[in-house]
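# Reading the structure
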Amino acid sequence: MELLVALTIGVLTAVGIYLMLRQRSFPVILGLTFLSYAVNLFLFASGRLALNAAPIIGTTDTPTDPLPQALVLTAIVISFGMTAVILIMAIGGNLAAGHDRIDLGQDPRDDA
Amino acid sequence: MTHWIIAPIVLPALAAALMLLALRGSLALQRLLSVAAILGLCAIAAALLMLVTKTGPEAYFLGDWPAPFGIVLVLDRLSALMLALLAGLALPVVIYAIGSDWDARGAHFHPLLQFLLMGIGGAFLTGDAFNLFVFFEVMLIASYGLMVHGGGAGRTRAGLQYVAFNLVGSSLFLVALGLLYSVTGTLNLADLAEKLPHLPDGDTALLRVAAVMLIMVFAIKAALVPLQFWLPGTYAAAPGVVAAIFAVMTKVGVYATLRFATLVFPPALHATDLLIAAFLLPAGLATLGLGAVGVLGASTLPRLAAFAGIASTGTIIIAIAHLTPEGTAAALYYTLHSTLATALIFLLADLIDRRRADLRLDHPAPVANPGLMGALFLIAALALAGMPPLSGFVGKLLILDAWQDHMLQVWAAVLVTSFLMILGFARAGSLLFWKPTEAAPPIRPEPVALLAPFVLLAGLVALTVLAGPIHDWLRVAADDLHYPKAYIDANHLAKGD
C-alpha cells in the first residue's frame, strides 16, 4: 500500500516535471496539472494511510485523521481554479501572439 | 478579543464584491468606493498599530474555535506594521491609477486591486500555515488579473510565465505543509513553535526538508537568486501602476521568511539549527549583486526598476540572515523604505515612459517636462542606492551596524553594490535627461497622477526624519519576534491530547 502510493506520487511528479520543461504552453499546463495531482496525493498521505477507516469518530474503531482530507479538498479546488486561469491566459497569449511558445524574448513585442 | 483584527480582510472583500455586483457599469462609482475602502483600510491599519503598541500581540479566533483546531489570526507588531505599509502604499497607487486612467484600460481594475489587498492583508495576519497558503493564492489570483490588465501579446505571455512559475511555487508550498503536518500533526504557527523542540529524532530529516522547501517557496515570492527569473520580465511587462503595488508582494515573501525563521524554525531549534541562516545569507548577497548589475545593464526603465527592487529585497534578506533582534530591526526599517522607494521608481518609470516616444533607454528621445521628471528620478535614485539624505542611507547604515562581526563579506557587498547602483542610475538618468535633442511631444497634464509620487516621497521623508522613534518601535517588534512567548500565549493553545 505505502509502496504503491509512493510510486504513484513519484511517477506523477516525474511526468509533471518532464512536461513542465517543454517549450509550448499546453504541455507545460499538463505538467502543472500532473504535479498538482501528485501533491494532492502526497497531502492525503500526510495523515498516514489507513484502510477501512472513516474520518468520523464512532463509525469505526480507529478513525483516520480528517484534517488532511480537508486540506486536500481546499488544494484541489484551488488548483482547479488556477488551471482554468492559466488555460485562459495561454489561449489569450496564443491568439494575441500567433504562437504558443512559453519562453520570452523570442518575440520582438515582448519588450513592450 | 477585538473584531477589528479581521476588518483588513473583510473590508476589501466587501468592497470588491459590491463593485462586481452593483457597480459594474460605472467606473466613477468604482473609483469612489475603491478610494473610500483604501482610506478605511488606512484608518483601520493605524488603529491596529496603536492597539498593538498598547496591548501587545492579540489573537482573533475565527468562528470562536480554540487554537490550534480552528484558524486563528494573530495581530502582533510585525503584522500591524506590514498592514500599515500595505495601506500606505495602496493609497498612492490607487490615486495614480485614477489620475493616469490606467484603470480605464481594461475591466475590473478596482475589484482586483481590492482582492489583492485582501489576500496580502490576510497573509500578514494569519497565524496558521495552511491559511497562509490560502491567502497566498487569493493574492496571486488577483495579481494574475492585474498583471495582464490592459492586455497585449507581450503582457499576456509574460503573465503566462508568471502564473506557471507561481503554480510550481504553490505545489512546493503544499508539499512542505504536508511534511510539516505529517511530523507534528498541527499547522498552527504557535503550536508548531511549541511542538517542534520536542520532535523525535527520527523525524528530524523530514522536518529539515520541510523547512528548506518552505524557505524556497518564500524565496520564489521574494525573488531571491536563483529563483528570481520570473520577476524582471513580469514586473517590466505589467502596467506601471500594477508593478508599484507588486512592490509589496515580494515583501510578503520576506515577511513569511522572517515569521518562519524566528517563530517556527528559530536558530535555537535543534532540528534545523542554523540551516535557514546558511541559506539566507548567500542568497541575499547574490540577490543584491544581481540586482545591482541588472540596474547597471537595464535596457528599459521598467526593467531598471525591477532590478532595483530585486537588489533591495536582497538587502533585506541579508539583514534577516543575521537572525538577531538588531538585524531584524534593520531589516524591518529597510523593508518600509524599500517598498516605498521601489513603488516610487515604478510609478516614475511609467510617468517618464509616457513622456517619451521610445521606450528603450539608449535610444535618444526627449522627455516632456524634463525638470520635474529629472528631479523626481534623482530623488528616487538616491533613495534606492542608499545615499544620504534619504531613508535608504539610514537603513543601510543599520544593516552594516548589525553585521559588524562579519565586516568583510557583508560590508564589501553592500558598499560595492551601492556604488554599482549609483553608476546604473547615473547612466540611466544621463541617457534620459542629458540629451535634449528636440522638443518633446506635448502631453496631457495629469495633476492627480503626479500627486502619487509626492505621497510616496512624503513617506520616505517621514521615514528619514522620524528614523529614531521608528527604529525604537521596530526594535521592540524585533524583540517580540525573537522571543515569541507573547505571540504564542496570545493563541491560548488548548492543552493536553
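So, how was this worked out
Residues numbered from 1 in each chain as written. Chains lettered and ligands numbered in written order. Predicted model: local features only at pLDDT ≥ 70, side-chain atom pairs only at ≥ 80, totals over all residues. Heavy atoms only, no water. Helix = DSSP H or I, 4+ residues; strand = E, 2+ residues; numbered from the N terminus. Contact = heavy atoms within 4.5 Å. Areas by Shrake-Rupley, 256 points an atom, 1.4 Å probe, with all protein chains shown as cover. Lys, Arg positive; Asp, Glu negative; His and termini not counted. Charge placed at Lys NZ, Arg CZ, Asp CG, Glu CD. Rg over C-alpha atoms; globule rule 2.2 N^0.38 Å. Salt bridge = Lys/Arg side-chain N within 4 Å of Asp/Glu carboxyl O. Polar contact = N/O pair within 3.5 Å; in protein donor to acceptor, adjacent residues only side chain to side chain. Core = buried A, V, L, I, M, F, W, Y, C linked by side-chain atoms within 4.5 Å. Buried < 20%, exposed > 50% of the residue type's maximum accessible area, 1.4 Å probe, protein only. Axes fitted to C-alpha atoms, helices over the stretch in contact; angles between N-to-C directions. Parallel < 35°, antiparallel > 145°, perpendicular 65-115°, else oblique. Left-handed = near helix turned anticlockwise from the far one by under 90°. Nonpolar A, V, L, I, M, F, W, Y, C, P; charged D, E, K, R; others polar. Pairing = 2+ DSSP bridges. Patch = residues over 30% accessible without salt bridge, like charges linked within 9 Å, V, L, I, M, F, W, Y side chains within 5 Å. Phe/Tyr/Trp six-rings, centres within 6.5 Å; stacked < 30°, edge-to-face > 60°. Lys NZ or Arg CZ within 6 Å of the ring centre and 35° of its normal. pLDDT = per-residue confidence, 0-100. Expected span 1.5 Å × (residues − 1). Arc of directions from axis to C-beta.

## Points about the overall build of chain B
Across its full length, chain B holds 20 helices and two strands. Along the first, second and third principal axes, the C-alpha atoms of chain B reach 75 × 60 × 40 Å. Long-range pairs, those at least 24 residues apart, make up 80% of the contacts in chain B with a sequence separation of at least 6. Carbon together with sulfur atoms contributes 71% to the accessible area of chain B, which is approximately 16,800 Å² in total. Both charge centroids of chain B, one from 24 positive and one from 26 negative side chains, sit 11 Å from each other.

## Thoughts on the overall build of chain A
Of regular secondary structure, chain A possesses three helices and zero strands. Listed N to C, the secondary structure of chain A is α-α-α in terms of helices and strands. Its C-alpha atoms give chain A a radius of gyration of 19 Å, more than 25% over the compact-globule value 13 Å for 112 residues. By its C-alpha atoms, chain A is 65 × 25 × 15 Å across when sized along the principal axes.

## Some words on the interface of chain A and chain B
Listed as interface residues are 37 residues of chain A and, on the opposing side, 30 residues of chain B. Counting every contact that joins chain A to chain B gives zero salt bridges. Summed over the shared surface of chain A and chain B, the number is four residue pairs in polar contact (both at pLDDT 80 or more). For the side of chain A that touches chain B, the elements supplying multiple residues, two or more each, are helix H2 (25-45) and helix H3 (67-97) of chain A. With 15 residues, H3 of chain A is the largest single contributor of residues to the side of chain A that touches chain B.

## Some words on the nonpolar core
Residue and element names in this part refer to chain B. Of all hydrophobic cores here, the largest spans 217 residues; its most connected members are Phe-265 and Phe-425. If one sorts the elements of this core by residue count, helix H14 (residues 325-354) sits on top with 17 residues. Leave out the neighbours within four places in its chain, and Phe-425 touches Val-295, Leu-304, Ala-308, Ile-345, Phe-377, Ala-381 and Leu-384.

## Considering the packing of helix H12 (residues 275-297) of chain B against helix H17 (residues 407-433) of chain B
Residues and elements named next belong to chain B. Axis separation between H12 and H17 bottoms out at 7 Å; the angle between their running directions is 20°. The angle between the axes of H12 and H17 places the two elements in the roughly parallel class. Regarding H12 and H17, the two cross each other, and that crossing is left-handed. Here H12 contributes Leu-281, Leu-285, Leu-288, Gly-289, Ala-292, Val-293, Val-295 and Leu-296 to the contact with H17, which in turn contributes Gln-409, Val-410, Ala-413, Val-414, Thr-417, Leu-420, Met-421, Leu-423, Gly-424, Phe-425 and Arg-427.

## Some points on the packing of helix H3 (residues 77-99) of chain B against helix H11 (residues 249-264) of chain B
Residue and element names in this part refer to chain B. Relative orientation of the contacting elements H3 and H11 amounts to 175°, with a least axis distance of 12 Å. By the angle between their axes, H3 is roughly antiparallel relative to H11. Where H3 abuts H11, its residues Leu-78, Ser-79 and Met-82 lie against Lys-251, Tyr-255, Leu-258 and Arg-259. Classifying every residue of the contact of H3 with H11 by side-chain character gives four nonpolar, one polar and two charged.

## A short note on the pairing of strand E1 (residues 58-61) of chain B
Residue and element names in this part refer to chain B. Of the two faces of E1, the one lined by Glu-58 and Tyr-60 and the one lined by Ala-59 and Phe-61 are each fully buried. Pairing analysis gives four bridges linking E1 to strand E2 (residues 72-75), with the strands arranged antiparallel. Bridge pairing in E2 places Phe-61 opposite Val-72.

## Quick look at a nonpolar patch on the surface
The grouping of Phe-26, Leu-30 and Leu-87 of chain A at the surface amounts to a nonpolar patch, some 260 Å² of accessible area in total. With respect to the helices and strands, Phe-26 of chain A occurs in helix H2.

## Quick notes on the packing of aromatic side chains
Residues and elements named next belong to chain B. In total, this model carries 17 aromatic pairs over all chains according to the counting rule given. Between the aromatic rings of Phe-130 and Phe-133, the centroid separation amounts to 5.4 Å while the plane-to-plane angle is 45°, which identifies the pairing as tilted. With Phe-130 and Phe-133 both in helix H5 (residues 129-147) and three residues apart, this pair spans about one turn of that helix. Of the two residues examined, Phe-130 and Phe-133, each falls in the buried class. Cluster of aromatic residues (ring-pair linked, three or more members): Phe-130, Phe-133, Phe-136, Phe-173, Phe-218, Phe-260 and Phe-265. The ring of Trp-102 has Arg-105 lying over it, and the distance from NZ or CZ to the ring centre is 3.8 Å.

## Some words on unusual backbone geometry
Residues and elements named next belong to chain B. The residue after Ala-67, namely Pro-68, is reached through a cis peptide bond having omega 0°. For Pro-68, the position within the fold is in the loop between E1 and E2. Positive phi, normally seen in glycine, also occurs at His-108, with a value near 65°. Along the chain, His-108 turns up in the loop between H3 and helix H4 (109-125). For His-108, a relative accessible area of 31% corresponds to the partly exposed category. Not every positive phi belongs to a glycine, and Ala-223 is a case in point at roughly 60°. Residue position: Ala-223 is located in the loop between helix H8 (204-222) and helix H9 (230-237). A relative accessible area of 0% means that Ala-223 is categorised as buried.

## Considerations on the confidence of the model for chain B
Per-residue pLDDT for chain B has a mean of 91; in total, 98% of the residues score no lower than 70. Across the interfaces of the predicted complex, the ipTM metric reaches 0.92, alongside a pTM of 0.94.

## Examining the pattern of salt bridges
A full pass over the atoms with the stated rule returns eleven salt bridges over all chains. Between Arg-24 of chain A and Asp-100 of chain A there is a salt bridge whose closest N-O contact spans 3.1 Å. Taken together, the residues Arg-24 of chain A in the loop between helix H1 (2-20) and H2 and Asp-100 of chain A in the segment after H3 connect sequence positions 76 residues apart. Close ionic contact of Asp-76 of chain B with Arg-259 of chain B constitutes a salt bridge, the shortest N to O distance being 2.9 Å. Here the residue Asp-76 of chain B occupies a position in the loop between E2 and H3, and Arg-259 of chain B occupies one in helix H11, the gap between them amounting to 183 residues. The exposure classification of Asp-76 of chain B matches that of Arg-259 of chain B, with both residues buried.

## Regarding H1 of chain A
Between its terminal C-alpha atoms H1 of chain A stretches 27 Å, which fits the 27 Å expected from 19 residues at 1.5 Å a residue. When we look at burial in H1 of chain A, the residues that qualify are Val-5, Ile-9, Leu-12, Gly-16, Leu-19 and Met-20 of chain A. Along the axis of H1 of chain A, the buried positions cluster into a sector of 105°, meaning they face one direction only. Facing away from the buried surface of H1 of chain A by more than 90 degrees, the exposed residues are Leu-3, Leu-4, Leu-7, Val-11 and Tyr-18 of chain A. Along its buried surface, H1 of chain A packs onto H2 of chain A together with helix H6 (153-184) of chain B.

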